[in-house]
Amino acid sequence: MNDDRLPPVAPEVTATLVENLSPRLRKRLDAAVTKLGARPTHRDGDTVTIQVDDETELRLHAPGSVVATAEAITCGCLLAPACVHRAAAACAAPTADPPPDLADRPTGAAPEPASATDPASATDPASSLSSQEVASPAQRAAADALWSAGAAVLEAGIDGAGAVTQSALLRAAHTARIRHLPRAAGAALSVVTLLRAARAGDPSYRTADFVTALAELLGTAHRVGTASGAELDAARGRARRPYSPDGSLRLYGLFTEPVVTDSGHGGVRTWVAGTDGRLFTVGDVAPGGVGRAVGVADRAVRLGDTALTHRELGRAGLAVSGATVSPDGRLGAGKGVKAVTARGAAWTELPLAALWETPPSEQAARALRSTSRYADPDGGGSDLLFLDVELIGAVRESAGTCLLALSDSGIAVRLTVADDDPALAHRDNLMLLAAAPGTRLRIIGRLVPAPHPRLTLLACAHPTGGGTIDLGLDRLRRADLPDPAAPVHPAPPQPGGPGAHSPLYLLERRVEQTVSAGRAALGMLGDVTAETRRIRRAGLPTAAGLLTALCTSAAQRKRDLFGRLLPADTDSFATHWLTAALYTAAVADSLCAAAWEPVREGPAAELSVPDRGPGRAVAQTAQH
């Protein structure tokens, strides 16, 4: 049985079924989930049947495609309804959650139905709480429950965080949602989803993603209990991103990119710019995978009365009245929105040309504010960079081949493909461009946070003439490239920067090791003096101190008067781990930003990024 063949189950349903099990059956729950996963299933309308054995059937009734009550899961065994099978089925099924907006998210994000309507008139339940200076007692209690559930995951590690631990997270998430804490609730559901993926051996699982989700959960839960005013509003989050009126807009097309998700959804996102340089998007994403992504590019844009396709809009213009815009720049398509086709602008003409005039370092800093692992979900902003570059040639990496280019400010940038699917044009186009060293191009790319300048290449000006190329959809030919020219730089510059050889990974790997194996595994490391000495030599004394404190906290166990080990202090260890996780993310962002600074001459260019600024501030804040 494959999880994606089961209907999603509401978090509170799974939590209720697990909580109602006897202690004896809870011990058998993980084994029951595994056993149930090997049994055949059959779907008949809204009902999915699992053949538990030759004589017993388990049914999940999902009207509206979601199992919304505990009574909707029934079992024919003699112990029902108090059997382990009902809880096991709920734990094996995906967790139901309102589908997030996808049309303006990078490839690989969670799906959004194409039929989603413009929520301009939707109200956010949390908005009525925005006048509160501090969280209510109920919200603080919900945040405490989330913290405890997250700390339990950290204590056990992925291998030990079975269905019972996940159930506690789901219950805490449900409580947080009804207490108007959607950001923390969403983080808890993400932790559960990643836990299940890790335990099932899903090849798409990445430990770094799990670290981010768990730190987001713990950090948000902590902030709810301590923050006030605007910071509390950010910690609460929004159940839905509201659209706000934006009057009349004159928009100019930039490019169109394909969107393909791991869940089988596909479509496109078209980027446009306003006269003031603000970036907006119009998207169309629905089930269909890469095939739909290619086909939708030639369908009409769903915005007003325009007959433009997405490809055409990427090179034309729009005049929009009654516009509504989400915080992340997605244009609403409500009934009150009117749009007609207008003249576009070349990338070398105003207002678009101004996008390339901003220094790369400022563009990278802006992009980091939206791509940071713990950025405010409602913070808005764009992760795109606009550069003029000279192509240098192909560079081999462990993950494949990328294209090295030199920006006009002297920064060596690695350009990678946004999606390796052969049905898309990304990889073929990049390899053709790599065969044309010395070519000068105006490009658009998406920032990839790294200690060296790195972008996924999305669009470029035509190498030999006017017009632009959507590198995921349009296919270049050799005839489109200029005659090969000798590169200006016979010895290609290698991407570097202050963090190119930073030992920050020594702390990062211990943070990741904790979520994989739990506190006990970290506590058995023993002496980490050699690692902390190396970190200090690189000018990162705060990182060294955090590593020492983390390992010490993991190994610390007190005994009672009879010499028996007392329960571990999970709260203290979770605080140390959260501090280290937030610190490494903040320093990584600082190193990424520093790598985009203009090339410096002389000895100063060899200096490391100092252990100060946001990294130290995060460490101090978390410790308090």
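What you see is a predicted model, and the numbers here were worked out from it, not measured in a lab.

(A) Broad picture of the confidence of the model for the protein chain. Averaged over every residue, the pLDDT of the protein chain is 84; residues scoring 70 or more account for 85%. Below pLDDT 50 for its whole length, residues 98-127 participates in 74 contacts with residues either more than four positions away or in separate chains. For the stretch residues 602-610, pLDDT sits under 50, and the model shows nine contacts to residues farther than four places along the chain or on other chains.

(B) Representation of helix α12 (residues 426-434) within the structure. Considered for burial, the residues of α12 that qualify are H426, N429, L430, L432, L433 and A434. In this structure, the buried residues of α12 make contact with β5 (244-260), β10 (384-397), β11 (400-407), β12 (412-416), β13 (440-447) and β14 (454-461).

(C) Broad picture of the pattern of salt bridges. Scanning the model with the defined rule gives 29 salt bridges in all. Between E231 and R223 there is a salt bridge whose closest N-O contact spans 3.8 Å. Residue classification places R223 among the partly exposed positions, given a relative accessible area of 23%. The shortest N-O distance in the salt bridge between D480 and R477 comes to 3.9 Å. When its relative accessible area of 11% is taken as the criterion, D480 is described as buried.

(D) Geometry of empty space enclosed by the protein. Enumeration over the complete set of coordinates arrives at one cavity of 30 Å³ or more. Lining of the largest cavity is provided by T416, V417, H426, N429, L430, L457 and L471. Counting residues per element, the lining of the largest cavity draws most heavily on α12, at three residues. Split by residue class, the lining of the largest cavity holds four nonpolar, three polar and no charged.

(E) Quick peek at the packing of aromatic side chains. Following the criterion strictly, the structure yields three aromatic pairs and no others. An angle of 35° between the planes, with centres 5.0 Å apart, marks the rings of W347 and W356 as tilted. As far as the burial class goes, W347 and W356 line up, both buried. Taking the centre distance of 5.1 Å and the plane angle of 75° together, the rings of W356 and F386 count as edge-to-face. Here F386 lies in strand β10 and W356 lies in the loop between β9 (338-342) and α11 (360-371), a separation of 30 residues in the sequence. Relative accessible area serves as the criterion here: at 8%, W356 is assigned to the buried category. Residue classification places F386 among the buried positions, given a relative accessible area of 1%. Three or more aromatic residues joined by ring pairs form one cluster here, namely W347, W356 and F386.

(F) How the structure looks around the sheet that holds strand β4 (residues 73-75). Strand order in the open sheet formed by four strands is β1-β2-β3-β4, with antiparallel pairing between adjacent strands. Of all the strands in the sheet, the pair left with one neighbour each is β1 (41-44) and β4. Taken pair by pair, the neighbouring strands of this sheet meet at an average axis angle of 20°, ignoring direction.

(G) Quick peek at the sheet that holds strand β7 (residues 279-287). Spatially, the five strands line up as an open sheet ordered β7-β6-β5-β8-β9, and their pairing is antiparallel. Looking at strand neighbours, the two that pair on one side only are β7 and β9, the edges of this open sheet. Within this sheet the neighbouring strands show an average axis-to-axis angle of 35°, counted without direction. Two strands pair when backbone bridges link them, and strand β8 (residues 317-325) and β9 are joined in this way by five bridges, in the antiparallel orientation. Counted as the bridge partner of G317 is A342 from β9.

(H) Structural detail: the pairing of β12. With five of five residues buried, β12 is to be regarded as a mostly interior element. Along β12, one buried face is formed by A412, R414 and T416 and the opposite face, lined by V413 and L415, is buried too. As judged from the four bridges shared by β11 and β12, these two strands associate in the antiparallel manner. Bridge pairing links L406 to A412 in β12. As consecutive antiparallel partners, β11 and β12 are separated by four residues, and within that stretch G410 has a phi angle of approximately 85°, a positive value. Pairing analysis gives three bridges linking β12 to β14, with the strands arranged parallel.

(I) Structural context of the side chain of T256. Structurally, T256 can be placed in strand β5. At 2.9 Å, the side chain of T256 forms a polar contact with the side chain of T270. Sequence-distant contacts of T256, defined by excluding residues within four places in its chain, comprise V268, R269, T270, H310, R311, G314, D470 and L473.

(J) Layout of helix α4 (residues 137-160). When the local axis directions of α4 are compared, the greatest deviation, roughly 60°, occurs at L154. Along α4, the residues classified as buried are Q139, A142, A143, L146, W147, A149, G150, A151, V153, L154, G157 and I158.

(K) Broad picture of the environment of R236. Within the secondary structure layout, R236 lies in helix α8 (residues 229-236). By relative accessible area, which is 1% here, R236 ends up buried. Through-space distance from the C-alpha of R236 to that of A184 is 7.1 Å; in sequence the pair is 52 residues apart.

(L) A look at the packing of α4 against helix α17 (residues 570-595). At their nearest, the axes of α4 and α17 sit 9 Å apart, and the two run at 80° to each other. Accordingly, the angle class assigned to the pair α4 and α17 is roughly perpendicular. Contacts between α4 and α17 involve W147, A151, L154 and E155 from the first element and T570, D571, F573, A574, T575, W577 and L578 from the second. Its residues assigned to classes, the contact of α4 with α17 shows seven nonpolar, two polar and two charged.

(M) Highlighting the side chain of T165. Turning to its location among the elements, T165 is positioned in helix α5 (residues 163-178). Classification of T165 by relative accessible area gives buried; the value is 18%. Here T165 is in contact with V153 and G160, once residues within four sequence places are set aside.

Parameters and conventions
Residues numbered from 1 in each chain as written. Predicted model: local features only at pLDDT ≥ 70, side-chain atom pairs only at ≥ 80, totals over all residues. Heavy atoms only, no water. pLDDT = per-residue confidence, 0-100. Contact = heavy atoms within 4.5 Å. Buried < 20%, exposed > 50% of the residue type's maximum accessible area, 1.4 Å probe, protein only. Helix = DSSP H or I, 4+ residues; strand = E, 2+ residues; numbered from the N terminus. Salt bridge = Lys/Arg side-chain N within 4 Å of Asp/Glu carboxyl O. 1 Å grid on protein atoms, 1.4 Å probe; cavity = no way out; pocket = protein on both sides within 12 Å on 5 of 7 lines; lining within 4 Å. Points joined across faces, edges and corners; volume = space filled by probe spheres on them. Nonpolar A, V, L, I, M, F, W, Y, C, P; charged D, E, K, R; others polar. Phe/Tyr/Trp six-rings, centres within 6.5 Å; stacked < 30°, edge-to-face > 60°. Pairing = 2+ DSSP bridges. Axes fitted to C-alpha atoms, helices over the stretch in contact; angles between N-to-C directions. Polar contact = N/O pair within 3.5 Å; in protein donor to acceptor, adjacent residues only side chain to side chain. Bend = angle between axes of the 7 residues up to and from the residue. Parallel < 35°, antiparallel > 145°, perpendicular 65-115°, else oblique.

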